[in-house]
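This is what each chain is made of:
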Amino acid sequence: LIPFMSDEALEGAGLERKYTLGCYIELAKLLATKAKELGGEWTAELVGRAMWTEGLSQIHGVSTPSPAKVPEPAVVDAGGEPSSAKRKRGGGGESDDAGSVRTKKKAARG
């Protein structure tokens, strides 16, 4: 995707608000570099949108959450079900480091 050129992205990247081809090319390069640093599913377009969103939230006095922590990967059992689903159904179970479900009695012993 081609990143959108917004005032917020320009300013966030440390560029002047000049809507020229040269300025756009520089912005696109900076957004692509940041997306590569972030890794995962980040693209230059998503980085620009995030900058635009943060800029508008500041203008309108809306607080944004601090950067999200990367969630722990889901642990699944041999049947392919998330181990959290077993805990909900089994009631009172407790998860060990491997994600298996043990009863409270067994957990207390070991």
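Residue positions within a chain follow its written sequence, with the count starting from 1. Local features in this predicted model are restricted to residues of pLDDT 70 or higher, and side-chain atom pairs are both shown and tallied only at a pLDDT of 80 or more, whereas totals for entire chains, interfaces and linings draw on every residue. Only heavy atoms go into the side-chain values, all of them from the structure, while hydrogens and water stay out.

Undergrad: How do you make sense of the pattern of salt bridges when you look at a structure like this?
TA: Think of it this way: side chains of opposite charge can pair up when their charged atoms draw near. Definition used for salt bridges: Asp or Glu carboxyl oxygen within 4 Å of a side-chain nitrogen of Lys or Arg. Scanning the model with the defined rule gives four salt bridges in all. With a shortest N-O distance of 2.6 Å, Arg-17 and Glu-11 are connected by a salt bridge. The salt bridge partner of Glu-37 is Lys-34, with a shortest N-O separation of 3.5 Å. Taken as a pair, Glu-37 and Lys-34 lie in helix 2 (residues 21-38) at a separation of three residues, close to a single helical turn. Here the term buried applies to any residue with accessible area under 20% of the maximum for its type, exposed to any over 50%, and partly exposed to those in between, with areas from a 1.4 Å probe on protein chains only. Given a relative accessible area of 56%, Glu-37 falls into the exposed group. For Lys-34, a relative accessible area of 39% puts it in the partly exposed group. Only DSSP runs of H or I covering at least 4 residues are called helices, and only runs of E covering at least 2 are called strands; the numbering of each starts at the N terminus.

Undergrad: Can you help me understand the environment of Leu-46 in this one?
TA: For Leu-46, the position within the fold is in helix 3 (residues 44-59). Assessed through its relative accessible area of 34%, Leu-46 is described here as partly exposed. Separated by 45 residues in sequence, Leu-46 and Leu-1 have C-alpha atoms that sit 9.2 Å apart.

Undergrad: How should I be thinking about the side chain of Ser-6 in this particular structure?
TA: Tracing the chain through its elements places Ser-6 in the segment before helix 1 (7-12). A distance of 3.0 Å separates the side chain of Ser-6 from the backbone nitrogen of Ala-9, its partner in a polar contact. Leave out the neighbours within four places in its chain, and Ser-6 touches Tyr-19 and Trp-52. Any pair of N or O atoms that falls within 3.5 Å is considered a polar contact. Within protein, one atom must be able to donate a hydrogen and the other to accept it, and sequence-neighbouring residues count only if both atoms are side-chain atoms. The contact criterion used is simple: two residues touch if any of their non-hydrogen atoms lie within 4.5 Å.

Undergrad: Can you walk me through helix 2 in this structure?
TA: Helical periodicity: at 3.6 residues per turn, an α-helix aligns residues three or four positions apart in one direction. A helix is expected to span 1.5 Å multiplied by its residue count minus one. Helix length check: helix 2, at 18 residues, gives a terminal C-alpha distance of 26 Å against a target of 26 Å (1.5 Å per residue), a fit within 8%. Taken residue by residue, helix 2 has Cys-23, Tyr-24, Leu-27, Leu-31 and Ala-35 as its buried positions. Summarising the axial view, the buried residues of helix 2 lie within an arc of 105°, below the 170-degree limit, and thus occupy one face. Pointing more than 90 degrees away from the buried face of helix 2 are the exposed residues Lys-29, Lys-36 and Glu-37. Think of the arc as the fan of directions from the helix axis to the C-beta atoms.

Undergrad: For this particular structure, what's the right way to read the nonpolar core?
TA: Most often, soluble globular proteins have nonpolar side chains that are buried together. Among the buried residues, those of types Ala, Val, Leu, Ile, Met, Phe, Trp, Tyr and Cys that are joined through side-chain atoms within 4.5 Å form a nonpolar core. With eleven residues, the main nonpolar core is built from Met-5, Ala-9, Leu-10, Cys-23, Tyr-24, Leu-27, Leu-31, Ala-35, Ala-44, Val-47 and Met-51. Residue assignment for this core shows that the elements contributing at least two residues are helix 1, helix 2 and helix 3. Examining the composition of this core, we find that five residues originate from one element, helix 2, more than from any other. Excluding residues within four positions of it along the chain, Cys-23 makes contact with Met-5, Leu-10, Leu-15, Glu-16 and Lys-18.

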